[in-house]
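Chain by chain, the residues run as shown.
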Amino acid sequence: MVTPTALEAELLEVAGSVPDPELPVLTLQELGVVRSVRLRHEDAVEVELTPTYTGCPAIEAMSLDIERALREHGVREVTVRTVLAPAWSTDDISAEGRRKLREFGIAPPRTVRDPGPVPLALGPTRSDHSAADAPATAAAVPEPVRCPLCGSADTELLSRFSSTACKALRRCLACREPFDHFKEL
């Protein structure tokens with residue numbers, strides 16, 4: 001891994017400070033999609049941007065917003081390149097991003113512990129709140145999706161899709177409020 005120069009680190013902060021177009025409560029840095037900023041020459045930079053999934057419709061808006069922010073910062077030539085490897089994962093969301101999602105009323109994704117493919121388990125739509133007390137093992141049931149409003153683990157899935165493809169719609173059975181859950185990937 002190449003260590004960025006001080007200017008590249010500064011420009012990475014500028015690019016990363018751009019709000020996500022679908023979740024404006026998060027910056028692209030908190031979402032973990034801005035991978036790097038490299039100086040090509042004195043007045044030109046290349047930004048590597050990884051979409052949350054291959055067909056993400058927000059990638060074009062993200063690219064334009066990054067270009068605008070860097071040009072306003074004095075960079076004349078900005079190239080935003082979409083990179084698919086390594087693939088983005090919900091584990092790339094920062095702790096601050098997870099906190100902001102929760103405060104915004106969206107249940108943050110659970111942490112995917114093992115690298116590699118994400119197993120898909122089709123089963124009951126209700127969270128098993130006893131799983132929160134189970135010891136963590138490789139075959140353990142994933143931690144329950146907690147309500148971002150009251151913290152209850154007693155939630156149910158209403159729809160696998162919500163306002164965006166990366167979120168599911170859930171309802172808390174304790175406070176009865178619906179909420180979005182950022183799906184693990």
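All values reported here derive from a predicted model rather than from experimental measurement.

What counts as what
- Residues numbered from 1 in each chain as written.
- Predicted model: local features only at pLDDT ≥ 70, side-chain atom pairs only at ≥ 80, totals over all residues.
- Heavy atoms only, no water.
- Pairing = 2+ DSSP bridges.
- Helix = DSSP H or I, 4+ residues; strand = E, 2+ residues; numbered from the N terminus.
- Salt bridge = Lys/Arg side-chain N within 4 Å of Asp/Glu carboxyl O.
- Buried < 20%, exposed > 50% of the residue type's maximum accessible area, 1.4 Å probe, protein only.
- Contact = heavy atoms within 4.5 Å.
- Polar contact = N/O pair within 3.5 Å; in protein donor to acceptor, adjacent residues only side chain to side chain.
- Core = buried A, V, L, I, M, F, W, Y, C linked by side-chain atoms within 4.5 Å.

S.K.: Before we move on, can you summarise the sheet that holds strand 4 (residues 106-107) with the specific residues and values?
M.R.: Reading across from one edge, 4-7-6-5 is the order of the four strands in this open sheet, with mixed pairing throughout. Because the sheet does not close on itself, it has two edges, and the strands there are strand 4 and strand 5 (155-159).

S.K.: Now, about the pattern of salt bridges: what can you tell me, with residues and values included?
M.R.: The final tally for this structure, using the stated rule, is 14 salt bridges. In this structure, the salt-bridge partner of Glu96 is Arg99, at a minimum N-O distance of 2.4 Å. Residue Glu96 and its partner Arg99 are located together in helix 4 (residues 95-104), separated by three residues, close to a single helical turn. Given the relative accessible area of 33%, Glu96 is considered partly exposed. Looking at Arg99, the relative accessible area reads 33%, which means it is partly exposed. Linked by salt bridges that have partners in common, Arg38, Glu46, Glu48 and Arg81 make up one network.

S.K.: Tell me about helix 1 (residues 6-16), and please be specific about residues and values.
M.R.: Taken together, the buried positions of helix 1 are Glu8, Leu11, Val14, Ala15 and Gly16. Buried residues along helix 1 sit in contact with helix 2 (28-31), strand 1 (34-41), strand 2 (44-49) and helix 3 (59-72).

S.K.: Residues and numbers for the environment of Asp180, please.
M.R.: Within the secondary structure layout, Asp180 lies in strand 7 (residues 178-182). Residues Asp180 and Ser159 lie 21 residues apart in sequence; the distance between their C-alpha atoms is 9.8 Å. A polar atom in the side chain of Asp180 sits 2.3 Å from the side chain of Ser162.

S.K.: Give me the lowdown on the nonpolar core, citing residues and values where you can.
M.R.: Across soluble globular proteins, you tend to see nonpolar side chains buried next to one another. Membership of the largest hydrophobic core comes to 30 residues, with the highest contact counts inside it found for Leu31, Leu49, Met62, Ile66, Leu70 and Phe182. Among the secondary structure elements, those contributing two or more residues to this core are helix 1, helix 2, strand 1, strand 2, helix 3 and strand 3 (77-82). If one sorts the elements of this core by residue count, helix 3 sits on top with five residues. In contact with Leu49, not counting residues within four places along its chain, are Val33, Val34, Ile59, Met62, Ser63, Ile66, Val80, Arg81, Thr82 and Val83. With five residues, the next largest nonpolar core counts Ala107, Val145, Cys172 and Phe179 among its residues.

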